[in-house]
Amino acid sequence: MKRSARNPVTSRPALLGAVVMLALTSASVAAADDGRGPLEVTVTAPADARTARVGALFGADAAGRPERGHFCTASVVHSPAHDLLVTAAHCITHADGKLFFAPGYRNGRAPYGMWPVGEWVLPAGWTADQDEDSDVAFAHVGEVDGRRVEDVVGGNRLATGTVAGASAVTLFGLPDARETPVMCTDRPVARGLTQQRVHCPGFTGGTSGSPWLNGSGQVVGVLGGHQRGGSTADVSYSVVLGRAAAALYRTATGS
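Residues numbered from 1 in each chain as written. Predicted model: local features only at pLDDT ≥ 70, side-chain atom pairs only at ≥ 80, totals over all residues. Heavy atoms only, no water.

**Observations concerning the side chain of threonine 180**
Here is step 1: Structurally, threonine 180 can be placed in the loop between β8 (169-173) and β9 (182-186).
Here is step 2: The class of threonine 180 is buried, set by a relative accessible area of 3%.
Here is step 3: A distance of 2.7 Å separates the side chain of threonine 180 from the side chain of arginine 178, its partner in a polar contact. (Helix = DSSP H or I, 4+ residues; strand = E, 2+ residues; numbered from the N terminus. Buried < 20%, exposed > 50% of the residue type's maximum accessible area, 1.4 Å probe, protein only. Polar contact = N/O pair within 3.5 Å; in protein donor to acceptor, adjacent residues only side chain to side chain.)

So this is what it looks like as structure tokens:
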């Protein structure tokens, strides 16, 4: 499970100031087919348009203000209302209080603000029995200073119906033990008909909900699913985004 092990609503750990580059792995030196570097190598993600759309989730303290410890990853996806996030459903299972989203979070700072999370949209399979094949969720966020989150940082398109392994994907996530996002590219491998996996070292607790982007910048996976994203830091899973994910997106957007 790659959600933070601590309770996201009640914990108040201090932020870590150190920025540590993850060591490069020798697992593979093959070039990614979208030209973005070697496969199965995890590094600190640069501050750019792609990472601006990815951020950390925070709980709220008793006064309704953001807590200091982040616990999961989410990202902005395009929607008609320009206010939609996608993450893993298991990220909110124990988050009973108010949440905030910090796009582009880095080095203890939220350069684009802290956005209040509003209504969650969950699959029926998850609300019924936490089915691992339904571990995807959408959420609407409120405006900040009269602006909508997608208008500030942009949003990635959601792509459903893609075949696992059809192209390499790049994962972006925020481990709860780090204050900088990490990224890794790999080619997904199918795990049955409903799950897919990648080998990317260093995707530890806090990276649940990380978007998997193909070479066109489309979200084709969300870190979660089997073992709630994976029981080790080196292997991560995602639900295959098919008809159910497409239907959930339509519900979330009212389209």
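**With respect to the state of the cysteines**
Here is step 1: As enumerated under the stated definition, the model contains 2 disulfides in all.
Here is step 2: Paired by a disulfide, cysteine 72 and cysteine 91 hold their sulfur atoms 2.2 Å apart. For the disulfide bridge between cysteine 72 and cysteine 91, the dihedral angle about the S-S bond is near -80°, and by the sign convention the bridge is left-handed. Taken together, the residues cysteine 72 in strand β3 (residues 66-77) and cysteine 91 in the loop between β4 (84-87) and β5 (100-103) connect sequence positions 19 residues apart.
Here is step 3: The residue that forms a disulfide with cysteine 184 is cysteine 200, at a sulfur-sulfur distance of 2.2 Å. Note on the cysteine 184 and cysteine 200 pair: the S-S dihedral is about -80°, so by sign convention the disulfide is left-handed. Here cysteine 184, found in strand β9, pairs with cysteine 200, found in the loop between β11 (195-199) and β12 (211-213); they are 16 residues apart in sequence, far enough to count as distant. (Disulfide = S-S within 2.5 Å.)

**Section: the pairing of strand β6 (residues 115-121)**
Here is step 1: Pairing geometry for β5 and β6, over 2 bridges, is antiparallel. Each bridged residue has a counterpart across the sheet, and for phenylalanine 101 the counterpart in β6 is tryptophan 115.
Here is step 2: Here β6 runs beside strand β7 (residues 137-141); their pairing, made up of 3 bridges, is antiparallel. In the sheet register, valine 117 faces β7, and the bridge partner there is valine 141. (Pairing = 2+ DSSP bridges.)

**Quick look at helix α4 (residues 243-253)**
Here is step 1: Residues of α4 that are buried: Ala245, Ala246, Leu248, Tyr249, Ala252 and Thr253. Each buried residue of α4 sits inside an arc of 160° when the element is viewed along its axis, so together they form one side. In α4, the exposed positions angled more than 90 degrees off the buried face are occupied by Arg243, Ala244 and Thr251.
Here is step 2: Its buried side turned inward, α4 meets β4, β6 and β7.
Here is step 3: Glycine 254 lies just past α4 and shows a positive phi near 65°. (Arc of directions from axis to C-beta. Contact = heavy atoms within 4.5 Å.)

**Brief notes about the pairing of β4**
Here is step 1: Burial along β4 is two-sided: the residues Leu84 and Val86 and Leu85 and Thr87 are all buried.
Here is step 2: Looking at chain direction, β3 and β4 are connected through 3 bridges and run antiparallel. Residue pairing across strands places valine 76 opposite leucine 85, the latter belonging to β4.
Here is step 3: Linking β3 to β4, which pair antiparallel, is a turn of 6 residues; within it histidine 82 sits at a positive phi near 60°.

**Quick look at the side chain of serine 208**
Here is step 1: Here serine 208 is to be found in the loop between β11 and β12.
Here is step 2: Engagement of the side chain of serine 208 in a polar contact is seen with the side chain of histidine 90, the distance being 2.8 Å.

**Notes on the sheet that holds β3**
Here is step 1: Taking strand neighbours around the barrel as the criterion, the 6 strands line up as β2-β3-β4-β7-β6-β5 in a closed arrangement whose pairing is antiparallel. For this sheet the average axis-to-axis angle between neighbouring strands, irrespective of direction, equals 45°.
Here is step 2: Against the sheet, α4 touches β4, β6 and β7, its axis set at about 20° to β7. (Axes fitted to C-alpha atoms, helices over the stretch in contact; angles between N-to-C directions.)

**Concerning the sheet that holds β11**
Here is step 1: Pairing in this open sheet of 3 strands is antiparallel, and the strands run β10-β11-β14 from one edge to the other. Edge strands, defined here as strands with exactly one partner in the open sheet, are β10 (189-191) and β14 (235-239). Pairs of neighbouring strands in the sheet enclose a mean axial angle of 35°, with direction left out of account.
Here is step 2: Pairing between β11 and β14: 5 bridges, direction antiparallel.

**Some details on the pattern of salt bridges**
Here is step 1: Using the criterion set out here, one finds 3 salt bridges in the structure.
Here is step 2: For glutamate 143, the salt bridge goes to arginine 148, with nearest N and O atoms at 3.4 Å. (Salt bridge = Lys/Arg side-chain N within 4 Å of Asp/Glu carboxyl O.)

Without other data, these values stay purely geometric and don't point to any function.
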